[in-house]
2 protein chains.
Amino acid sequence: MGIIERKEREKEEMRRLILDAALRLFREKGLDAVSIRNIAESIEYSPATIYLYYKDKSEILSALQYEAAAVKRDHVMPAAAIENPWERLVEFGRRYVDFGMKHPDLYDLLFITRAPMEFIENQQCWTLGMAVHSFFTETVQACVDQRYFKSTDTETIAYTLWCHAHGLVSLFVRERMRMYPEEKRQELAQKSFAMIVKMAESI
Amino acid sequence: MGIIERKEREKEEMRRLILDAALRLFREKGLDAVSIRNIAESIEYSPATIYLYYKDKSEILSALQYEAAAVKRDHVMPAAAIENPWERLVEFGRRYVDFGMKHPDLYDLLFITRAPMEFIENQQCWTLGMAVHSFFTETVQACVDQRYFKSTDTETIAYTLWCHAHGLVSLFVRERMRMYPEEKRQELAQKSFAMIVKMAESI
DNA sequence: TGTGAAAATAAACACTGTTCAGTATATTTG
DNA sequence: CAAATATACTGAACAGTGTTTATTTTCACA
């Protein structure tokens, strides 16, 4: 009865094959290049075959989002090693922004691209994203507990910091900084990060 | 020689007709519904005719962005009437966020939708956007001049505030606040706005 | 080796943006 | 007014998209 197990395995391998092809297309040529037909061609199968392994395109996109979420987690979580909650929070923020700057395509996919409805049902991705988000809010809570802020409204503090970081990255990612010369944008982002850190010290 | 003038006028009317149809489709059914064929059908012309008045689709999108920019300007500029620069700045921010919340589709078009290259060449839209942006930075400058901030780095202050406001709106617009119950999102946004105002007072 | 199930596909449908050859309409000229 | 020209418009096609269905191929098992 090892056959059904092998079949199961092969099915999983095929899903992986499709996903890797999608991921490669995405990273090499951008989201627009990720079409069912492109994926099919690159793995030398017919487009219809894709539908035997993924319900539709948004399910593939959803899977790509999970990949992106994993890369993001690996990028930011080293901050967890820092004992001091305030330093941990700052390092987390720095790493969050750095992730967005280094992987604009992945950041876009995670936080800007219109989420397909399946996103919600993609428990994996949601769970992973929430784990990182929880780490963030818990760190803010730790800062609150140790009186790093005057305010004790953890939720609003966390959200406000997130707004700034997300705004920072997404203005960059979607090219809304044209009024600043290109060589200055990175510098301005760094200055702004430093400023929000200073501001946060006096919430 | 009034004929060429009439022709000119008719050409302009046709461009307007196309744009209005595009705008209606956009507002009624979203950006995805704005297809050349949909526009053509709704004004009862052939799709090919559209191309006699607009170079391509991105030129139409660009024109839509201009419309959105005008709505935004009308929404935020009443703040200019306020004498006190700090109050003016706060009111501007409030109106900016309010615009995004009330017109998520327009905000999306202006600040999130991937800008077609023509955006840069769309002098009208760029000029209009820059005028509002200049008003914003000048207001920040006025605050700096009157020592409302400790910092004198106008550029970074302005950018930091913008980051927060944009992050606030765009997390909302692109539905990245699912971890908060829906009825709480608006409230959280307001609290966060109040918090950044407080924080700004101590830059 | 034949049979039933599983896997893969060709072909079609309904869309998309865009181009171009050809037609219809309006204006200018003889 | 009629013929020639210029302008406005369109049908049809091309290449692409996501998706579905009927059909064929492949494979495991009796």
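Heads up: the structure comes first, above all this text.
Residue numbers restart at each chain and count upward from 1, following the sequence in its written direction. To read the labels, note that chains go from A and ligands from 1, taken in the order they are written. A pLDDT threshold of at least 70 governs which residues receive local features in this predicted model, and a stricter bar of 80 or more applies before side-chain atom pairs are shown or counted, although totals over entire chains, interfaces and linings include all residues. Derived side-chain values reflect all non-hydrogen atoms in the structure, with water molecules and hydrogen atoms excluded from consideration.

Novice: Could you give an account of the protein's contact with DNA strand C, naming the residues involved and the relevant values?
Specialist: Of all residues adjacent to DNA strand C, which total 20 residues, the nearest are Thr49 and Tyr53 of chain A together with Arg6, Arg37 and Tyr51 of chain B. Here a residue is considered near a molecule or strand provided that any single heavy atom belonging to it is located within 4 Å of it. Restricting attention to atoms of DNA strand C within 4 Å of the protein, one finds that 57% of them are sugar or phosphate atoms. At 2.6 Å from a phosphate oxygen of DNA strand C is found a side-chain nitrogen or oxygen belonging to Thr49 of chain A. By the criterion applied in these results, polar contacts are pairs of N or O atoms within 3.5 Å in which, for protein atoms, one can donate a hydrogen and the other can accept it, and in which residues neighboring in sequence qualify only through two side-chain atoms. A distance of 2.9 Å separates a phosphate oxygen of DNA strand C from a polar atom in the backbone of Lys57 of chain B. Counting only elements with at least two residues in the surface near DNA strand C, the list comes to helix 3 (47-50) of chain A together with helix 1 (2-29) and helix 2 (36-42) of chain B. A helix here means a DSSP run of H or I that spans at least four residues, while a strand means a run of E at least two residues long, and both kinds are numbered starting from the N terminus.

Novice: Describe the nonpolar core, with residues and values.
Specialist: Within this scheme, the nonpolar core is defined by two criteria: the residues are buried Ala, Val, Leu, Ile, Met, Phe, Trp, Tyr or Cys, and they are joined through side-chain atoms within 4.5 Å. Partly exposed residues are those whose accessible area sits between 20% and 50% of the maximum for their type, while under 20% is buried and over 50% is exposed, using a 1.4 Å probe and protein chains only. Among the nonpolar cores identified, the biggest contains 136 residues, and Phe149 of chain A together with Phe149 of chain B are the most heavily contacted of them. Look past the residues within four positions of Phe149 of chain B in its chain and what remains in contact with it is Trp86, Leu89, Val140, Cys143, Val144, Ile157, Ala200 and Ile203 of chain B. By the convention used here, residues are in contact when the closest approach between their heavy atoms is within 4.5 Å.

Novice: Break down the relation of the copies chain A and chain B for me, with residues and values.
Specialist: At an RMSD of 0.0 Å, chain A and chain B line up after a rotation of 180 degrees and a shift of 0.0 Å along the axis. These values place the two chain copies in the arrangement generated by a two-fold rotation axis. When you check the interface residues of chain A against chain B, 100% turn up at the interface there too, and the contact is symmetric in its surfaces. Superposing copies: least-squares fit, C-alpha atoms only, residues required to have pLDDT of at least 70 in both.

Novice: Please provide a residue-by-residue account of the interface of chain A and chain B, values included.
Specialist: Counting residues at the interface gives 47 residues for chain A and 47 residues for chain B. The buried area of a pairing is the accessible area, by a 1.4 Å probe, that goes missing from both parts when the two are put together, added over both. The junction of chain A with chain B conceals about 4,400 Å² of combined surface from both sides, 64% of it contributed by carbon and sulfur atoms. The three residues of chain A that bury the most area against chain B are Tyr159, Arg176 and Arg178 of chain A, which together make up 18% of that side's buried surface. What makes a salt bridge here is a side-chain nitrogen of Lys or Arg within 4 Å of a carboxyl oxygen of Asp or Glu, nothing more. For the pair chain A and chain B, the interface holds four salt bridges. A salt bridge links Arg114 of chain B to Asp108 of chain A, with the nearest nitrogen and oxygen atoms 2.7 Å apart. Linking chain A with chain B are 15 residue pairs in polar contact (both at pLDDT 80 or more).

Novice: Before we move on, could you go through helix 6 (residues 104-111) of chain B and cite the residues and values that matter?
Specialist: Among the eight residues that make up helix 6 of chain B, six are buried, leaving the element largely enclosed by the rest of the structure. Within helix 6 of chain B the residues assigned to the buried category are Leu106, Tyr107, Asp108, Leu109, Leu110 and Phe111 of chain B.

Novice: Which residues make up helix 4 (residues 57-76) of chain B, and what are the values?
Specialist: Helices are assigned an expected span. That span is 1.5 Å times one less than the residue count. In a regular helix each residue adds 1.5 Å, so 20 residues correspond to 28 Å; helix 4 of chain B covers 29 Å between its end C-alpha atoms and thus fits that length. With 14 of its 20 residues buried, helix 4 of chain B lies for the most part within the structure.

Novice: Can you lay out the pattern of salt bridges for me, pointing to particular residues and giving the numbers?
Specialist: All names here are of chain A. Summed over all chains, the structure comprises 27 salt bridges over all chains. A salt bridge links Glu67 to Arg16, with the nearest nitrogen and oxygen atoms 3.4 Å apart. One end of the pair, Glu67, is in helix 4 (residues 57-76); the other, Arg16, is in helix 1 (residues 2-29), and 51 residues separate them in sequence. A relative accessible area of 19% places Glu67 in the buried class. We classify Arg16 as partly exposed; its relative accessible area is 36%. Of the charged contacts, one joins Asp98 and Lys102 as a salt bridge, the two residues approaching to 2.7 Å between their closest N and O atoms. Taken together, the residues span about one helical turn, with Asp98 and Lys102 both in helix 5 (residues 85-102) at a distance of four residues. Here Lys102 falls in the exposed class, since its relative accessible area comes to 55%.

Novice: Residues and numbers for the packing of helix 5 of chain A against helix 9 (residues 154-173) of chain A, please.
Specialist: Residue and element names in this part refer to chain A. Only C-alpha atoms enter the line fits that serve as axes; for helices the fit covers just the stretch in contact. Angles between N-to-C directions range over 0 to 180 degrees. Packing of helix 5 against helix 9 leaves a shortest axis separation of 9 Å and a crossing angle of 20 degrees. Considering the angle they form, helix 5 stands roughly parallel to helix 9. Regarding helix 5 and helix 9, the two cross each other, and that crossing is right-handed. Every residue of helix 9 that contacts helix 5 at Leu89, Tyr96, Val97, Gly100 and Met101 is listed here: Leu161, Trp162, Ala165, His166, Leu168, Val169, Phe172 and Val173. A class-by-class count of the residues in the contact of helix 5 with helix 9 yields eleven nonpolar, two polar and no charged. Angle categories: roughly parallel below 35 degrees, roughly antiparallel above 145, roughly perpendicular from 65 to 115, and oblique for all the rest. Note: crossing handedness is left-handed where the near helix turns anticlockwise from the far helix by less than a right angle, and right-handed where it turns clockwise. Each residue receives one of three labels: charged for Asp, Glu, Lys and Arg, nonpolar for Ala, Val, Leu, Ile, Met, Phe, Trp, Tyr, Cys and Pro, and polar for the others, Gly being one of them.

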